[in-house]
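Observations on the model geometry
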Amino acid sequence: KEPSTSKFVLRNVGEVEAPFELLVEQPFSVQPKVGNIRPGHVEEINLIFNPQDASVYVGTVVCKQPAGRPTLQMKISGIGKIPHIQVSTREISFGSVLTGVNRVEEVILTNTALVPVSFTLVPQPVNHDTCFWWNVTSGRIPADGSVALNVRYNPLATGAFDCDYFDIVTPGGNRQTVCCKGFGQPHDVSLDKKSLSFGNMELGKASLRTVEVINHTKAQAFYQFITEPAGCFEFSRTDGTIPGESSANVDIRFKARIPGNFYRRIFVLVKNQGPLYLDLTATAYHPHEDQVPRPMPLKQEHVELYRQRMLDEGTEAALAIAESANFGDPGAEVWNEFFLDDTDARLPVQLQERDVEFGVAAASGLGEYKAITITNNTDVKQTAVFVVPPDDYVEQPEGAGEISMTTLGPVLTPLETCFKVFPEKGDVLPHSSTTFKVAFRPIYGNAYYAQALEVFVFPKTQRNFRLVTDHTFVPSHCIRPVCSGNTFPPSMEAFTPKLRVPTTRINFPACSAYDRAYQVVEMYNDADTPMRYQLEEDPAGIFRCKPNNGLIMPHCSQLVAFMFCPKQAKRYEHVMTCIMNGAAMHGVDFTLVGFGNACVVQLGTSHLQIKPTCVGSVSTRRLEISNPTGVTVSYEWIIPEGYKKILAVEPRTGVLRGNEKHSLSWHFAPRKSHSYSIKVACYVTRAMVRTLGDTGESQEAVDMLADSLGSGSGKGGERRRQITWLHVYGVGSGGAV
């Protein structure tokens, strides 16, 4: 079915023009079929041979001329051969490849036939974006020759297993299938410690601690602490790039300015990796205990005891953090807590509104007040203390933030802030709400402002160490309302933003329905001025992002985490707009693509017929089992007890990653002359795998982990087990010679 071309010539040996017409039968054809040759000239003719079968063909080319001139004939012959190509490997495994890095592998195509053959590379249909790119998709292989093809793997989603199939076909019907698979390996960045304690400090004192951020991979890594650099805990830097197999130190300073206990879990986003966290604890006390009660010193042990106590009691917030389809996966729990919004009613204390937008500041500097409402969902009275970060645009006056000792005790010199809260401290009654007023009082003009205020909320009884014990101690809850505004005059055009992102199409790893998948995207401000960004919310709640509102300084980056939580087993696609500098005309659209999956497998056939087998002999039949979804599943075949000595399967258990296929061997050994009809069950569950080398945890380990978390893990925590049935038919017969 592939044409081959030869040439011959017609020569005009006469003295007048010679018109001609060529006639030939299939599978031969000629070009041109008609023509006119001038005296002494020649016409080159293409003879095309296009056989449809592997046969020997003999034909005749007839050249008709005008009446009175002879008809010319030429015998032609050709042999049709079946082309056959071979591939050097049918499976290309790229192994684990860091997201953002690509790897290239080579495949050799060999033509074993004695004729040249053309080929075309056709990807098998998929409903996701491909990660594999070939340098050649069509070509021609010379007779008894070979060509080299390069395929590049560039993972699109961190933590995703990618598996695609490609068919290499020839016009004659020869087809070779190549499987390409790889794993988008996350970076390996860690902190040298998970908690820092600043101890029990007198007002006016300061303490410094250092945490080391370690990059264990060979590629550079970018990290970012999700906090204000000059909040209650002051950071020497909140982001940075670490070269491969290196580390960076971050200094954290705590200055005791307000009496009380202070606890924050600072999350660390890492590009192409799951989040980290760092617990910070500190206690500040007034030197004169008779004037201000002295709080109980807060330690990391109190934090661990409180978290375990909340989990044992089955509080809604604790269960929301623990729920996951992968029971006990610490990475999933950190993600859950990171995305547990401060407005969530399951928290002990919550915000009514997370974002406080002031818009353009009043020219007089006395704009309207906005409200920050804090709700207490507990049974005890809570005290809320605001910590407002200083203004980034102005230089702080000498002595700001310092404490001076007077005859009346220590006095704090306030910092210069652009957001003012009234009052800065207040009580919130049980199952009630308290509203605080916040004002926007900027000094610097023509600028964007966006800051996260810190509100530390703790039971009022804990203001005195005599009223609390280690087993009843509750660390302070920190909630962070984001206040924003600008000082551009209404008639002035805002600065033109220059946002740079690696891609605006974000693919999520496959996950089960009601489970969650995540991606971290770096947004870089290429401009020389600060840039305000605001990411719109998905009304359906399928996609979320955090932080969705903030300020990016010139030539700096902001890491944003995106979450995908499908509610059904189907494909989801949503366009999320990022509005920059408050102008929709400068918006950037992010296309978010994710797949919700069910735990199912497909069999090559649901009715397996095994040939009649002599009693005492064994017949084997192959059956293909495949995973049509994107999530990793484990399968187990359960043969009925009465047929275990007659029927066996290898392997009986296994793990299928997304789009993978396994070949099963079914062995039939009848013990008597009889017709058998056996119904075999295949149990399919979601496999607990985290890396390419994992083979899935046992069901016993899964059950133990499930029991340790209790029964309130939610829809995402239910390990549903699906059953697929296979009907096996066989006949045992007696032999005769």
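In the block above lies the structure referred to throughout.
What comes next is a walk through the structure. (Residues numbered from 1 in each chain as written. Predicted model: local features only at pLDDT ≥ 70, side-chain atom pairs only at ≥ 80, totals over all residues. Heavy atoms only, no water.)

1. Notes on the layout of surface pockets
Taken as a whole, the second largest pocket spans an internal volume of roughly 900 Å³. Lining of the second largest pocket is provided by 40 residues; of these, R257, I258, F386, L412 and E424 occupy positions nearest its centre. Those elements that provide at least two residues to the lining of the second largest pocket are β23 (246–255), β24 (260–270), β29 (382–387), β32 (419–422) and β33 (425–428). Element by element, the count of residues in the lining of the second largest pocket is highest for β29, at four residues. (1 Å grid on protein atoms, 1.4 Å probe; cavity = no way out; pocket = protein on both sides within 12 Å on 5 of 7 lines; lining within 4 Å. Points joined across faces, edges and corners; volume = space filled by probe spheres on them. Helix = DSSP H or I, 4+ residues; strand = E, 2+ residues; numbered from the N terminus.)

2. Points about empty space enclosed by the protein
Applying the stated rule across the entire model yields one cavity of 30 Å³ or more. Of the volumes computed, that of the largest cavity is approximately 50 Å³. Lining the largest cavity are D391, D392, Y393, C418, Y448, Y449, A450, Q451 and L551. Considered class by class, the residues forming the lining of the largest cavity number six nonpolar, one polar and two charged. (Nonpolar A, V, L, I, M, F, W, Y, C, P; charged D, E, K, R; others polar.)

3. Notes on the nonpolar core
Where a protein is soluble and globular, its nonpolar side chains tend to be buried together. Ranked by internal contacts, the top residues of the largest apolar core, which has 32 residues, are Y223, F225, F233, I252, F254 and L280. The element that contributes the greatest number of residues to this core is strand β25 (residues 276–285), accounting for five residues. What F233 contacts, discounting residues up to four positions off in sequence, is F198, E228, I252, R253, F254, F262, R264, L280, T281 and A282. Counting residues in hydrophobic clusters, the runner-up holds 26 residues, among them L608, I639, I646 and V680. (Core = buried A, V, L, I, M, F, W, Y, C linked by side-chain atoms within 4.5 Å. Buried < 20%, exposed > 50% of the residue type's maximum accessible area, 1.4 Å probe, protein only. Contact = heavy atoms within 4.5 Å.)

4. Focus on the sheet that holds strand β11 (residues 117–123)
Reading across the sheet, the five strands line up as β9-β16-β15-β11-β13 and stay open at both edges, with mixed pairing between neighbours. What marks the edges here is a single partner per strand, and that holds for β9 (91–98) and β13 (138–141). Each neighbouring strand pair of the sheet contributes to a mean axis angle of 25°, computed without reference to strand direction. Where strand β15 (residues 161–169) lies against strand β16 (residues 175–185), nine bridges are found, and the strand directions are antiparallel. Each residue of the ladder has a partner; that of F161, found in β16, is F183. (Pairing = 2+ DSSP bridges. Axes fitted to C-alpha atoms, helices over the stretch in contact; angles between N-to-C directions.)

5. Here we look at a nonpolar patch on the surface
A cluster of nonpolar side chains, contributed by V56, V58 and I79, occupies part of the molecular surface with about 330 Å² of accessible area. Here I79 is to be found in strand β7 (residues 72–79). Judged by relative accessible area, I79 falls into the exposed class, the value being 53%. (Patch = residues over 30% accessible without salt bridge, like charges linked within 9 Å, V, L, I, M, F, W, Y side chains within 5 Å. Areas by Shrake-Rupley, 256 points an atom, 1.4 Å probe, with all protein chains shown as cover. Salt bridge = Lys/Arg side-chain N within 4 Å of Asp/Glu carboxyl O.)

6. Section: the pairing of strand β56 (residues 661–668)
Walk down a regular strand and you will see the side chains alternate between the two sheet faces. Of the pairings in the sheet, the one linking strand β52 (residues 619–626) to β56 comprises eight bridges and is antiparallel in character. Following the sheet pairing, R621 is matched in β56 by W666. In terms of strand pairing, strand β54 (residues 647–650) meets β56 through four bridges, oriented antiparallel. Each bridged residue has a counterpart across the sheet, and for L647 the counterpart in β56 is F668.

7. So, the packing of aromatic side chains
The final tally for this structure, using the stated rule, is 36 aromatic pairs. Taking 6.1 Å as the distance between ring centres and 80° as the angle between the ring planes, the aromatic pair formed by W335 and F338 counts as edge-to-face. Highlighted residues: W335 and F338, both in helix α3 (residues 330–338), separated by three residues, approximately one helical turn. With a relative accessible area of 2%, F338 lands in the buried category. Their ring planes at 70° and their centres at 4.9 Å tell us that Y393 and Y449 sit as a pair that is edge-to-face. Of this pair, Y393 sits in the loop between β29 and β30 (403–406) while Y449 sits in strand β35 (residues 448–452), and the two are 56 residues apart along the sequence. (Phe/Tyr/Trp six-rings, centres within 6.5 Å; stacked < 30°, edge-to-face > 60°.)

8. Considerations on the pattern of salt bridges
Scanning the entire structure with this criterion turns up 26 salt bridges. The partner of R175 in a salt bridge is D167, with the nearest N and O atoms 3.2 Å apart. Residue D167 is classed as buried on the basis of its relative accessible area, which comes to 10%. Among the ionic pairs, K193 bridges to D192, the shortest N-O distance being 2.8 Å.

9. Comments concerning the sheet that holds strand β3 (residues 28–31)
As summarised here, the arrangement of the three strands in space is β1-β5-β3, forming an open sheet in which the pairing is antiparallel. Where the open sheet ends on each side, the last strands, each with one partner, are β1 (4–11) and β3. Strand-to-strand twist across the sheet, computed as the mean angle between neighbouring axes with direction ignored, equals 30°. In this structure, β1 lies alongside strand β5 (residues 42–49), joined through eight bridges in antiparallel fashion. Opposite L10, over in β5, you have E43 as the bridge partner.

10. A closer look at the side chain of T577
Mapped onto the secondary structure, T577 falls in strand β47 (residues 571–580). On the basis of relative accessible area, T577 is assigned to the buried category, the value being 16%. One polar contact links T577 to D589, side chain to side chain, over a distance of 2.8 Å. The contacts of T577, once residues within four sequence positions are left out, are Q534, L535, E536, G587, V588 and D589. (Polar contact = N/O pair within 3.5 Å; in protein donor to acceptor, adjacent residues only side chain to side chain.)

11. Comments concerning helix α1 (residues 300–313)
Spanning 14 residues, α1 covers 20 Å between terminal C-alpha atoms, matching the ideal 20 Å at 1.5 Å per step. Lining the buried residues of α1 we find β18 (195–202), β24, β25, α2 (316–322) and β37 (477–479). Looking one or two places after α1, you find G314, whose phi comes out positive at around 70°. (Expected span 1.5 Å × (residues − 1).)

12. Things to note about the environment of P502
You can see P502 is positioned in the loop between β39 (499–500) and β40 (505–507). When the C-alpha positions of P502 and G100 are compared, they lie 9.4 Å apart, and in sequence the two are 402 residues distant. Once residues lying within four places of it in the same chain are set aside, the contact partners of P502 are K271 and E522.

So, to be careful, I would describe these as geometric facts and stop short of saying anything about function.
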